[in-house]
Amino acid sequence: MAEKNKRPGRLSAEKEAELLRVAARARQQAVAPYSRFRVGAALLGRSGHIFSGANVESASYGLTCCAERVALFGALSSGERGFLAVAVVARAPGGAMPCGACRQLLAEYAPNAVVLVADSRDLRRFRRFTVRALLPGAFRLRRRF
Ligand code: THU
């Protein structure tokens, strides 16, 4: 089936809970001395491996890298290709939605993924989105990598 027609598959409740737990644990490693807003992310790769990351900030604020991108770059540079889901955990009512930059990268490298967003204080109450819904009309070069 053409990649663009693939529908995000539903994960088991156990897998979703595991992914959220891994993201919450990764959040504890956030390096966020400027905003003090700590975020953790966990990506489930097609291989079954889970790759996590946390946000890392810079004194030159614009160099900050979000948890989602840290996790994604780690996964890609470990050789993973194709992702089923990404969990994002922050201490905020309803959790924190991925920023525009992260949405672009997810649209490029995890277009079929489900996005789980949770408040670290209650991982059981999470919201579910698709990458596709979060960034309709994502920029694409014609060339495919
Ligand atoms: N941040 C993330 O890591 N992921 C998000 O989805 C939203 C924002 C980080 C970037 C920065 O370190 C801090 O949260 C405040 O913006």
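Everything numeric here is computed off the predicted structure, so don't read it as measured data.

Asks: I'd like a description of the overall build of the protein, backed by residues and values.
Replies: Looking only at helices and strands, the protein features four helices and five strands. For the protein, the α and β elements follow one another from N to C terminus as α-β-β-α-β-α-β-β-α. For a compact globule of 145 residues, the expected C-alpha radius of gyration is about 15 Å, and the protein comes in at 14 Å, within 12% of that figure. A sequence separation of at least 24 residues applies to 64% of the contacts in the protein between residues at least 6 apart. Working note: accessible area of the protein is about 8500 Å², and carbon and sulfur atoms make up 53% of it. Averaging the positions of the 25 positive and the 10 negative side-chain charges in the protein gives two centres separated by 4 Å.

Asks: Which residues make up the site of the ligand, and what are the values?
Replies: Taken together, the neighbourhood of the ligand is formed by S35, F37, V39, N55, E57, T64, C66, A67, E68, M97, P98 and C99. E57 places a side-chain nitrogen or oxygen 2.5 Å from an oxygen atom of the ligand. Between the ligand and the protein, one listed contact pairs an oxygen atom with a side-chain N or O atom of E68 at 2.6 Å. Surface burial for the ligand is 80%, taken as the share of its 370 Å² of free accessible area covered by protein chains. Considered class by class, the residues forming the shell around the ligand number seven nonpolar, three polar and two charged.

Asks: Any chance you could break down the packing of helix α2 (residues 67-77) against helix α3 (residues 100-109) for me, citing the residues and the numbers?
Replies: Contact pair α2 / α3: the axes reach a minimum separation of 10 Å and the direction vectors enclose 30 degrees. The orientation of α2 relative to α3 falls into the category roughly parallel. Crossing hand, α2 versus α3: left-handed. Only A101, C102, L105, L106 and Y109 of α3 make contact with α2, whose side of the interface consists of E68, R69, L72, F73 and L76. Grouping the constituent residues of the contact of α2 with α3 by class yields eight nonpolar, no polar and two charged.

Asks: So, the nonpolar core: which residues are in play, and what are the values?
Replies: Counting 23 residues, the largest nonpolar core has L43, L72, F83, V86, V115 and V131 as its most contacted members. Those elements that provide at least two residues to this core are β1 (39-45), α2, β3 (83-90), α3, β4 (114-119) and α4 (131-134). Here the element with the most residues in this core is α2; it accounts for five residues. Sequence-distant contacts of V86, that is, excluding residues within four places in its chain, are made with L19, A42, L43, L106, V114, V115 and L116. Among the nonpolar cores identified, the runner-up in size contains 13 residues, and L20, A87, V114 and A118 belong to it.

What counts as what
- Residues numbered from 1 in each chain as written.
- Predicted model: local features only at pLDDT ≥ 70, side-chain atom pairs only at ≥ 80, totals over all residues.
- Heavy atoms only, no water.
- Helix = DSSP H or I, 4+ residues; strand = E, 2+ residues; numbered from the N terminus.
- Rg over C-alpha atoms; globule rule 2.2 N^0.38 Å.
- Contact = heavy atoms within 4.5 Å.
- Areas by Shrake-Rupley, 256 points an atom, 1.4 Å probe, with all protein chains shown as cover.
- Lys, Arg positive; Asp, Glu negative; His and termini not counted.
- Charge placed at Lys NZ, Arg CZ, Asp CG, Glu CD.
- Near = heavy atom within 4 Å.
- Polar contact = N/O pair within 3.5 Å; in protein donor to acceptor, adjacent residues only side chain to side chain.
- Nonpolar A, V, L, I, M, F, W, Y, C, P; charged D, E, K, R; others polar.
- Axes fitted to C-alpha atoms, helices over the stretch in contact; angles between N-to-C directions.
- Parallel < 35°, antiparallel > 145°, perpendicular 65-115°, else oblique.
- Left-handed = near helix turned anticlockwise from the far one by under 90°.
- Core = buried A, V, L, I, M, F, W, Y, C linked by side-chain atoms within 4.5 Å.
- Buried < 20%, exposed > 50% of the residue type's maximum accessible area, 1.4 Å probe, protein only.

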